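Coordinates in review
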Amino acid sequence: MLAIDAGNSKTDVALVTADGAVLGTARGGGFRPYLTGTDGAIDGLAALVAEAAAEAGLDISGGQGPLATHVSACLANADLPVEERELQQAIAARGWSRTTVVANDTFALLRAGTDAPRGVAVVCGAGINCVGLLPDGRTARFPALGQITGDWGGGGGISLEVMWSSTRAEDGRGEPTALAGAVAAHFGLASASAVAEAVHLGEVPEGRLHELVPVLFRCAEEGDPTAVQLVERQAEEIVALASVALRRLGLLDSAADVVLGGGVLAARQPLLMDAVLTRLAAVAPLAQPRVVTTPPVVGAALLGLDHLASASLGGGAAAQDAVRAAFALRD
């Protein structure tokens, strides 16, 4: 079985047997079909598949048939079912396996953090997304296309809110906040407005604005009201996603895993985590939250083993334990 977890910043590929042994792995850059086109993005996957196969002692250059029985691919930017279907067809056309299933990469986080395909996951990293899954295959999901589909937060959204509040505080349109001085000091410039100008002029890469997330947390810990409000709003968004997904799956009043992941949540910042856990307990008292830092490719592999098990091709509980143990040894 071929497991693929392809995020915005990195891609992991693993070749795994039906009993959970990891034969070969490879890691590469992000999966961005919106920049490279679908074929270009899958060409990038192909290079990693060949690398993982080589580590396993397999030469796939001769076209001797499928490399694996099944491909389980969890991909960033597969936000809509139509995008999943298009990518699934494109990957299947490469002939790596007899069967192929493509899902959004948040499903890999969910499966990595659960003992069975049942529960809800919220990822809060550069962006924010949520999915839910039941053993019978039913899912809960959101479009996750940004502000146009009602999303707020993640590192990208938080950093822009920090800049918004900081520059407005400086020019008098907003309330005073310690964020303004902290933003300026972080970039070594005279003001937050100077930071904004530097980003606009290309003197500071826009991607560096993500560095403002820990700046926000520090100001919140020091009691700045604006910073505290932003942290609380992020907590509200995380819980709103989780509670809606739980409700859609009929799990709101049941014991169910709520997997929390992504850089913002994995940092376990106390104010944010306390706010998330308090709000989640209020709306879903039986929910079992857990912050997961297990590599998402493990989740992709577990989803693949679930598929094999459903087809009576292996992939049972012992195989799942084996693949987790194998990746734990590689960390």
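Here the structure is shown first, and the text comes after it.
Residues numbered from 1 in each chain as written. Predicted model: local features only at pLDDT ≥ 70, side-chain atom pairs only at ≥ 80, totals over all residues. Heavy atoms only, no water.

**Overview of the pattern of salt bridges**
Close approach of charged atoms allows side chains of opposite charge to pair. Under the convention used in this document: Take a side-chain nitrogen of Lys or Arg and a carboxyl oxygen of Asp or Glu: if they are within 4 Å of each other, that pair is a salt bridge. Here a helix means four or more residues in a row that DSSP labels H or I, a strand means two or more in a row labelled E, and each is numbered from the N terminus. With a 1.4 Å probe rolled over the protein chains alone, any residue whose accessible area is under 20% of its type maximum counts as buried; one over 50% counts as exposed, and the rest are partly exposed.
Tallied over the entire structure, the rule returns ten salt bridges. Close ionic contact of Asp12 with Arg27 constitutes a salt bridge, the shortest N to O distance being 2.7 Å. Taken as a pair, Asp12 in strand S2 (residues 10–16) and Arg27 in strand S3 (residues 22–29) lie far apart in primary sequence, 15 residues in all. Taking the relative accessible area as the measure of exposure, Asp12 reaches 8% and is therefore buried. Measuring nitrogen to oxygen at the nearest pair gives 2.8 Å for the salt bridge that ties Glu211 to Arg208. Using a relative accessible area of 28% as the deciding quantity, one classes Glu211 as partly exposed. Each of Lys10, Asp12 and Arg27 takes part in a single network of salt bridges with overlapping partners.

**Focus on the packing of aromatic side chains**
Cut-off, in case you're wondering: Two aromatic rings, drawn from Phe, Tyr or Trp (for Trp, its six-membered ring), form a pair once their centres lie within 6.5 Å of each other, and the interplanar angle then sorts them: stacked below 30 degrees, edge-to-face above 60, tilted otherwise. Criterion for a charge above a ring: Lys NZ or Arg CZ within 6 Å of the ring centre, and within 35 degrees of the ring normal.
This structure, assessed with the given rule, holds zero aromatic pairs. The positively charged end of Arg248 is found above the aromatic ring belonging to Phe142, 4.6 Å away from the centroid.

**Looking at the layout of surface pockets**
Going by this rule: Here a cavity is any set of points on a 1 Å grid over the protein atoms alone where a 1.4 Å probe fits but cannot get out, and a pocket is any open set with protein on both sides within 12 Å along at least 5 of 7 lines; a residue lines the site when it has an atom within 4 Å of a point. Grid points are joined across faces, edges and corners, and a volume is the space filled by probe spheres set on the points.
Counted as a void, the largest pocket has a volume near 1,200 Å³. Asn8, Gly125, Ala126, Gly127 and Ile128 are the residues nearest the centre of the largest pocket, which is lined by 38 residues in total. Put simply, the parts of the chain that give the lining of the largest pocket at least two residues each are helix H3 (106–112), strand S7 (128–133), helix H4 (154–171) and helix H9 (263–266). At four residues, the largest contribution of residues to the lining of the largest pocket is made by H4.

**Remarks on the sheet that holds strand S4 (residues 68–75)**
Under the convention used in this document: Criterion used throughout: strands pair if DSSP finds at least two bridges between them. To get an axis, fit a line to the C-alpha atoms, keeping to the stretch in contact for a helix; angles then go from 0 to 180 degrees between the N-to-C directions. Contacts were defined at the residue level, with two residues in contact if any of their heavy atoms lie within 4.5 Å.
One open sheet accounts for five strands, arranged S3-S2-S1-S4-S5; its pairing is mixed. The sheet terminates laterally at S3 and strand S5 (97–104), the two strands that pair on one side only. Each strand of the sheet is rotated relative to its neighbour by a mean of 10°, with strand direction disregarded. Here strand S1 (residues 2–6) pairs with S4 via five bridges, running parallel. In the strand pairing of S4, Asp5 is matched with Cys74. In the packing of helix H2 (residues 81–92) onto the sheet, the strands contacted are S4 and S5, and the crossing angle to S5 comes to about 150°. Its contacts with the sheet place helix H12 (residues 317–330) against S2 and S3, and it is angled at close to 55° to S3.

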